[in-house]
Structures are given as structure tokens and as C-alpha cells.
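So you can see what is in the structure, the chains are spelled out below.
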Amino acid sequence: MRSTAKHLRRYYNPDVGNALRMDTNTNVLGSNPAAEKFIRSCKIDANDYPNTYSDRLRDELASLYGLERENFVVGSGSDEVLDIAFKTFTEWNDGTIVPVPSYSLYDYFANVNGGDAYAVDLTDDFQLDVDAMLKPKAKMIIMPSPNNPTGNLFKSKDVEEILERSKGPVIVDEAYGEYAGTSMIPKVNEFDNLIVMRTFSKAYAMAGLRVGYSISNKNIADMMNCVKIPYSLNTISEGAAIAAVKDQDFIKRSVDLVNRNRGSLANGLKKLGFEPYPSDANFILMISPIDHSVFTDGLKEKGVLIRDFGSKRRTENCVRTTIGSEELNNILLKKAEEVISENSKK
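Residues numbered from 1 in each chain as written. Predicted model: local features only at pLDDT ≥ 70, side-chain atom pairs only at ≥ 80, totals over all residues. Heavy atoms only, no water.

Draft legend 1. Fine view of the overall build of the protein. Summing up its helical and strand segments, the protein has 12 helices and 13 strands in all. Against the compact-globule benchmark of 20 Å for 346 residues, the protein has a radius of gyration of 20 Å, which places it among compact chains. In terms of overall dimensions, the protein has C-alpha extents of about 60 × 55 × 40 Å along its principal axes. For the protein, with 346 residues in total, the buried portion stands at 53%. Accessible area of the protein: about 16000 Å², with a carbon and sulfur share of 47%. The average position of the 43 basic charges and that of the 48 acidic charges among the side chains of the protein differ by 3 Å. (Helix = DSSP H or I, 4+ residues; strand = E, 2+ residues; numbered from the N terminus. Rg over C-alpha atoms; globule rule 2.2 N^0.38 Å. Buried < 20%, exposed > 50% of the residue type's maximum accessible area, 1.4 Å probe, protein only. Areas by Shrake-Rupley, 256 points an atom, 1.4 Å probe, with all protein chains shown as cover. Lys, Arg positive; Asp, Glu negative; His and termini not counted. Charge placed at Lys NZ, Arg CZ, Asp CG, Glu CD.)

Here it is, written out as C-alpha cells:
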């Protein structure tokens, strides 16, 4: 193996079976209806290549955000677009600044592209330490907002200060941006180093179709499109994504559901002894009242999957759950109470 890849391990891949999945932060309303309708009715020539740069989808996104096609790069999931950014802007042995805790695959992309990830701790309330983020000499900075796994938005003034003071590209990963109600997208033409990432996997309920995109000024987007693998987004996924963008009512319903249930789930978890952190996303990170691995294993035995972050630095004894509908949240709380009760007696 390449020397920079020898330490890598395979990504989270649970044996799901019939378990209730509260571990992936996908949309609990189920598959996107507009995308499903398109797939059921679409007729394509499988012998034809898709459009090289997904121009029709880029046009639809440009209309949604009041920008132009040339501001967008589209790929097979936002993970591919992240990879494009690393391939475009980082050289071998370049460093990328990554906040801790945050999305684990940032380190992966830095390493697999021959570089290093420089971990910089967030503050005690999981906000950006601006001076610390800018201290290491690195080619690129990346941060998710809302942050995963902590769930909170970073302060806009801190993000903008980093953009102003950084000489290299700054990626703001807004995978959960629809739930937050605020975005850096309106700033892409103001900052010449800003790249905003978005995905169709969460609020848009299309994780299985693998569609993601970046928004930036035209110069950055053009550089990334030159590096992007041509034809990487297939015809069906592009058509489904176009249909989904046109159905913003589904996105509104999805966000409203999370907003209605976030507080009640947090309160229910507190009653069971959890310490949930504030969230601006569709998931909650919380300190478990019992050992994190005992709790997640116990829930799994009862048919509910959540994510265990308890062995990682800065999220010691923490677990993360998706915010579900009232019905799903009640199932989670009931099973959680059972696991805690059973293990409190031991």
C-alpha cells in the first residue's frame, strides 16, 4: 500500500438486519418522493454517457440559490467533491487543518491524497478557536457547520475571520445546512477562497443515489471542474436530483419535523440521565449515563442503531442519535430506558 494509506481502516459498516437506523442522520420521512417519481417514470438510453459536468443539475441549483451554473461542481456524493477539492488544491505532504471533533473522513481525504491532517481542538462549547485554527502552516482549512458529530453551527463571525485571514481554500461543509436555516452560500462571491459543500443525502433523502455539490466563485469552481472525473454523476441520479430540487415543499416538511421534535427528544433523553448538547442539525450528541459501548450494544440487541463516539478524543462516553418522528423518538427512548435499567441492576 501507499505509505500514506497504510494506517487507514474501513469505514463504519454495521450489520444492519432489520434494525431501526438512528445512526446515519438520513431523512426519517423516507425516500424523496419527487426523486422516486422520476425514477419510476424515467426512460434513458443506458448506452449514452451522462452530461460531462451535470449541467442541467447545475442550472437547477443556480436557479435555487440565485447564482450561475459556473459557481457549481457536482459529483457522486459530497465525498467525491471533497476529494476533488483535495486533488485540486493540495500537493504531496501539504497540510489541511481539521477541527476536533468533526467528520472523520476529512483525515482520510487528506491522507489518501498524500497529505497530513492537522487536528485543532474546538473550544469547550465546540466553537472555533480562530487563532488556533490559523496557527499551523497548512494549504487548506475544512470545517463542517453544523458540525458533525456535535450538531452545532459555528459562529459566522469566526468563519468569516478565518476566511479573511487564511491564504488558502477554506471549505465549509454544510451537509446539514438545510436544518440550520443559515448558510455561507450567499458569501461565495465575496470571498475568493470560500468553498461551500452540500449534499442530497440528508434533508433531500437521496443518500442511495450519491449526489453532492460545491458552491464557490467561478474561478475556484472552474479549477475543480478541470480536476473532476468526467461523467462521475450518472444520468438517473442527476435527473432525480433535478426533480428533488424542484420540490422544496418536501425539504420544508423535513426541516419542520426536526424542529418540532428536537426539543422533546432532548428533554426525554435528559430524563433518562443523558446530557445532550445543543443541536442545529437533525441529530443530537449526548453524554451517556452508562458506558457508551454498553449502551450502544444494548440498543443494537433491541433493534435500534445509533453511533458510538465514546472512545474518541473530546467526545468521551458520547453517543449520537438521529432526531426522528415522534413515533421513532418514543421507540428510541423506550429502548434506551430498558438498556439503562437493565445495566443499572448489574
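Draft legend 2. A look at the pattern of salt bridges. Here the structure, examined in full by the defined rule, presents 21 salt bridges. For Arg-58, the salt bridge is made with Asp-55, and the minimal N-O distance between the two is 2.7 Å. With Arg-58 and Asp-55 both in helix α2 (residues 55-65) and three residues apart, the pair spans about one turn of that helix. Among the ionic pairs, Asp-79 bridges to Arg-210, the shortest N-O distance being 4.0 Å. On the criterion of sequence distance, the pair formed by Asp-79 in helix α3 (residues 77-89) and Arg-210 in the loop between β7 (194-199) and β8 (212-216) is long-range, its members being 131 residues apart. Through salt bridges with shared partners, a single ionic network connects Asp-55, Arg-58, Asp-59 and Arg-69. (Salt bridge = Lys/Arg side-chain N within 4 Å of Asp/Glu carboxyl O.)

Draft legend 3. Focus on the sheet that holds strand β9 (residues 275-276). Here four strands make up an open sheet; going across it, the order is β9-β10-β13-β12 and the pairing antiparallel. Each of the sheet's edge strands pairs with one partner strand only, and the pair in question is β9 and β12 (307-308). Note: strand β10 (residues 283-287) against strand β13 (residues 318-322), five bridges, orientation antiparallel. By the bridge assignment, Ile-287 is partnered in β13 with Cys-318. Across the sheet, helix α10 (residues 248-271) lies against β9, β10 and β13, angled at about 20° from β10, the strand it touches most. (Pairing = 2+ DSSP bridges. Contact = heavy atoms within 4.5 Å. Axes fitted to C-alpha atoms, helices over the stretch in contact; angles between N-to-C directions.)

Draft legend 4. A look at the nonpolar core. Judged by nonpolar contacts, the single largest core of 76 residues is most densely connected at Leu-57, Met-143, Phe-200, Phe-274 and Phe-295. The contacts of Phe-200, once residues within four sequence positions are left out, are Leu-57, Leu-61, Ala-205, Met-206, Ala-207, Val-211, Tyr-213, Ala-241, Ala-244 and Val-245. Counting residues in hydrophobic clusters, the runner-up holds 21 residues, among them Val-73, Tyr-106, Met-140 and Met-197. (Core = buried A, V, L, I, M, F, W, Y, C linked by side-chain atoms within 4.5 Å.)

Draft legend 5. Structural detail: the packing of α2 against helix α9 (residues 235-246). Remark: α2 packs on α9, axes separated minimally by 9 Å, with the N-to-C direction vectors making an angle of 15°. Here α9 runs roughly parallel to α2, going by the angle between their axes. By crossing handedness, the relation of α2 to α9 is classed as left-handed. Across from Asp-55, Arg-56, Leu-57, Glu-60, Leu-61 and Leu-64 in α2, the residues of α9 making contact are Glu-238, Ala-241, Ile-242, Val-245 and Lys-246. A per-class count over the contact of α2 with α9 returns six nonpolar, no polar and five charged. (Parallel < 35°, antiparallel > 145°, perpendicular 65-115°, else oblique. Left-handed = near helix turned anticlockwise from the far one by under 90°. Nonpolar A, V, L, I, M, F, W, Y, C, P; charged D, E, K, R; others polar.)

Draft legend 6. A look at unusual backbone geometry. Geometrically, the link from Val-100 to Pro-101 is a cis peptide bond, its omega value of 0° lying close to zero. Take Pro-101: it is sitting in the loop between β3 (95-100) and α4 (105-112). Cis geometry is adopted by the peptide bond preceding Pro-149, which originates at Asn-148 and carries an omega value of 25°. Tracing the sequence through the fold places Pro-149 in the loop between β5 (140-144) and α6 (156-165). A positive phi angle, close to 60°, is found at Asn-25, a residue other than glycine.

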